[in-house]
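As a plain string of letters, each chain reads:
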Amino acid sequence: MFFITLFIGAVSLIFPFIAIIALMFFCGKYGDQCLSAPFRTLLPAFILPLVLLILPNRQSTLLPVSDALYGVGFVTLVFINGISRRLSINNAFMTAALLLVFYGIWRIELYGTQLDTAMDNALGEMNNLFPAVVNSVEFEKTVQIMKFMMPSIWIGTQVLGLFIGLLLFQRKLGLPFKLQEFTVSKYYSLVIIALIPLYFYEKALPIMANALFGLSTVLFLQGLGVAVAKGLQLISNKLILTVLLVFLIFNVVSYLILVLIGFADQWLNFRKIETGGTPA
């Protein structure tokens, strides 16, 4: 039972991640068709989840259907529609990422009880298998943090999926992608600033914290772009630069530093590049 519950939890996180990458790849492969008629091209992505609602035991399918409709299909549609309206690729990505943050917060409000129940069931089964681990103080604190950060974990994973999809989308269209030139509009940081007053409302604190952590994923990518740009200027050996970048990506402290650099870059434009990136 524990492994079944764990599998269901993994599917709720991994399936939307893979689905949005696949859908972005599909849009890149059929670029002209997708850009000229976004909704008609992406219609199958909406039909299949809606069919699941007809099946028995509808309540158990609401979360995956919601993720497929809003966290994958609608987000991709917003991205493609933005490009078809001459929005730059980077800012179309930004708009889609903002939608993911909004949905990720709304998702926990709608399905938080269901997700908590699934986690509690998994913990109950795990307690039977590994009581010494589950009953430790450290494990209890980790579980509390995970429950609190569930929305931002889902948002961050999905934004990274959208970013990987962006790379594949541009590659299929024959457009070069350079991480060192990735940047989004400074209006993105204004959304973050607008959330700060929620800190003074105790009930809104979880929403603010998860939204900020979700939003920080895009700033991390922009900060990483700054690091790559500066690294290419200072380090000629690509192997050494790659090792340093891997260290930055998988280090918690450097993650926070890169988020701050990404935030500052929105206003100071360290790389002196035009905001918005490559138009489609």
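The shown structure was predicted, so the numbers you read here are calculated from the model rather than taken from an experiment.

Draft legend 1. Region of the structure containing the packing of aromatic side chains. Counting across every chain of the model gives 13 aromatic pairs. Between the aromatic rings of Tyr70 and Tyr103, the centroid separation amounts to 5.9 Å while the plane-to-plane angle is 35°, which identifies the pairing as tilted. With Tyr70 in helix α4 (residues 58-84) and Tyr103 in helix α5 (residues 89-129), the pair connects residues that are 33 residues apart, well separated along the chain. Note on Tyr70: relative accessible area 37%, which makes it partly exposed. A ring pair is formed by Phe93 and Phe182, whose centres lie 5.6 Å apart and whose planes are at 80°; its orientation type is edge-to-face. Remark: Phe182 occurs in the loop between α7 (137-172) and α8 (187-195) and Phe93 occurs in helix α5; sequence separation between them is 89 residues. Look at Phe93 and you get buried, because its relative accessible area is 0%. An aromatic cluster of at least three residues, connected via ring pairs, comprises Tyr70, Tyr103, Trp106 and Trp154.

Draft legend 2. The packing of helix α9 (residues 205-234) against helix α10 (residues 238-249), seen in detail. Running from N to C, α9 and α10 point in directions that differ by 155°, and their axes come no closer than 11 Å. Considering their axes alone, α9 and α10 lie roughly antiparallel with respect to each other. As α9 packs across α10, the resulting crossing turns out to be right-handed. Seen from α9, the contacting residues are Phe220, Leu224, Ala227, Val228, Gly231 and Leu232; seen from α10, they are Leu241, Leu245, Leu248 and Ile249. Taken together, the residues of the contact of α9 with α10 break down into nine nonpolar, one polar and no charged.

What counts, and at which threshold
- Residues numbered from 1 in each chain as written.
- Predicted model: local features only at pLDDT ≥ 70, side-chain atom pairs only at ≥ 80, totals over all residues.
- Heavy atoms only, no water.
- Phe/Tyr/Trp six-rings, centres within 6.5 Å; stacked < 30°, edge-to-face > 60°.
- Helix = DSSP H or I, 4+ residues; strand = E, 2+ residues; numbered from the N terminus.
- Buried < 20%, exposed > 50% of the residue type's maximum accessible area, 1.4 Å probe, protein only.
- Axes fitted to C-alpha atoms, helices over the stretch in contact; angles between N-to-C directions.
- Parallel < 35°, antiparallel > 145°, perpendicular 65-115°, else oblique.
- Left-handed = near helix turned anticlockwise from the far one by under 90°.
- Contact = heavy atoms within 4.5 Å.
- Nonpolar A, V, L, I, M, F, W, Y, C, P; charged D, E, K, R; others polar.

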